[in-house]
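# Examining the three-dimensional arrangement
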Amino acid sequence: MSILDETYTLVNGVEIPKLGLGTWFIDDDKAADAVRAAVETGYRNIDTAQAYGNERGVGEGVRTSEVSRDALFVSTKLAAEIKDYDRARAAIDGSLEKLGLEYVDLMLIHSPQPWNDFRGGDYAEGNREAWRALEDAHRAGTLRSIGVSNFQQHDLDNLLRGATVTPHVNQLLVHAGNTPSDLLAYCESRRILVEAYSPIAHGAILKNAEVRAMAEKYGVSVPQLCIRYTLQLGTVSLPKTANPEHMRSNAEVGFEISGDDMDTLRDLRDVDYGEHSVFPVYSGK
């Protein structure tokens with residue numbers, strides 16, 4: 001069985017494929033082709049966001065792919081700047097309209113703070129308001145599951161104070177060189193599934209000599225090793241690519257990393273994201 005056929009089950013009983021396609025940096029006019037190529041390769045989990053500016057193209061790819069809508073798991077994210085109920089409700093409807101879908105399988109609050117104040121001020125009340133909008137859409141059936149992204153433990157605790165639904169998912173920056181073990185353990189204790197975005201460290205990990213040597217030992221590429229690492233942590237892995245060849249190789253991860261090597265990868269620190277450090281999620285905040 002391929003990793004593309006394997007799923008986790010969220011706490012509400014919804015199944016989510018273990019490997020997905022991330023679509024950050026895929027232009028709207030290229031997104032439909034990328035999604036169709038991924039689905040043809042066997043991917044059933046497609047991740048987008050309002051902030052990516054490609055929901056229209058992703059939705060087109062989903063609607064025109066060779067498999068039925070109910071065989072696909074489509075996620076999107078509420079813009080990080082939206083911290084009130086009314087705007088959140090309008091944005092949820094806006095995503096469904098742009099995607100051209102009657103429902104999405106998962107919608108997340110993209111960040112606990114607006115991007116221009118990432119890890120900054122107190123938005124606890126705004127997050128609770130946005131979450132209430134997601135809960136209402138979940139209750140109505142337009143969102144099959146709901147969650148958050150980039151939330152730390154105190155952000156989750158704040159949210160849970162007023163929540164009637166515990167987030168099903170927390171999508172986090174997780175890769176060899178950045179493994180938030182305490183947060184992963186906390187999410188597991190609350191039965192919140194973690195999705196790992198940028199499992200290849202936005203490409204930064206490709207330069208790491210230790211990781212390259214380990215990949216060679218297993219006879220795999222660095223991306224394959226890194227994707228396998230996040231899967232063995234028990235997370236959904238979301239490598240992003242528009243390249244069909246990379247989609248195929250990213251799914252060829254039917255090997256097992258030893259316990260010792262998992263420890264080595266877990267203990268790696270200090271990945272240099274280079275020019276991408278300008279993005280809040282790679283800024284080290």
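Conventions adopted
- Residues numbered from 1 in each chain as written.
- Predicted model: local features only at pLDDT ≥ 70, side-chain atom pairs only at ≥ 80, totals over all residues.
- Heavy atoms only, no water.
- Helix = DSSP H or I, 4+ residues; strand = E, 2+ residues; numbered from the N terminus.
- Contact = heavy atoms within 4.5 Å.
- Areas by Shrake-Rupley, 256 points an atom, 1.4 Å probe, with all protein chains shown as cover.
- Lys, Arg positive; Asp, Glu negative; His and termini not counted.
- Charge placed at Lys NZ, Arg CZ, Asp CG, Glu CD.
- Phe/Tyr/Trp six-rings, centres within 6.5 Å; stacked < 30°, edge-to-face > 60°.
- Buried < 20%, exposed > 50% of the residue type's maximum accessible area, 1.4 Å probe, protein only.
- Lys NZ or Arg CZ within 6 Å of the ring centre and 35° of its normal.
- Salt bridge = Lys/Arg side-chain N within 4 Å of Asp/Glu carboxyl O.
- Pairing = 2+ DSSP bridges.

## Section: the overall build of the protein
Helix and strand content of the protein: 10 helices and 10 strands. Each principal axis of the C-alpha atoms in the protein carries an extent, and together these give about 55 × 40 × 35 Å. Considering only residue pairs separated by 6 or more positions, the protein has 74% of its internal contacts joining residues 24 or more positions apart. Of the roughly 12,200 Å² that the protein leaves accessible, carbon and sulfur atoms contribute 46%. Here the protein holds 29 positive side-chain charges and 43 negative ones, and the gap between their average locations is 2 Å.

## Re the packing of aromatic side chains
Inspection of the entire model under this criterion finds 4 aromatic pairs. Aromatic pair Tyr218 and Phe255: ring centres 5.9 Å apart, planes at 40°, arrangement tilted. Placement of the pair is Tyr218 in helix H7 (residues 209–218) and Phe255 in the loop between helix H9 (244–250) and helix H10 (259–267), with a sequence separation of 37 residues. Given the relative accessible area of 21%, Tyr218 is considered partly exposed. Overall, Phe255 belongs to the buried group, its relative accessible area being 14%. One aromatic cluster is present, built from ring pairs that chain together Trp24, Phe25 and Tyr52. Above the ring of Tyr103, the side-chain terminus of Arg69 is found at 4.1 Å from the ring centroid. We note Arg132 situated over the ring of Tyr85; from NZ or CZ to the ring centre the distance is 4.2 Å.

## Section: the pattern of salt bridges
Enumeration according to the criterion identifies 19 salt bridges in this entry. In this structure, the salt-bridge partner of Glu129 is Arg132, at a minimum N-O distance of 3.0 Å. Note that Glu129 and Arg132 are positioned in helix H4 (residues 124–140) at a spacing of 3 residues, about one turn of the helix. Measuring nitrogen to oxygen at the nearest pair gives 2.6 Å for the salt bridge that ties Asp261 to Lys217. Taken together, the positions of Asp261 in helix H10 and Lys217 in helix H7 put the pair 44 residues apart, joining distant regions of the chain.

## Quick notes on the sheet that holds strand S3 (residues 21–22)
Pairing within the open sheet is parallel, and its 8 strands lie in the order S3-S4-S5-S6-S7-S8-S9-S10. The sheet is open, and its two edges are formed by S3 and strand S10 (236–238), each paired on a single side. Examined bridge by bridge, strand S8 (residues 169–173) and strand S9 (residues 193–197) share 5 bridges and lie parallel to one another. Among the inter-strand pairings, Asn170 is bridged to a residue of S9, identified as Val194.

On their own, these measurements won't tell you what the molecule is for.
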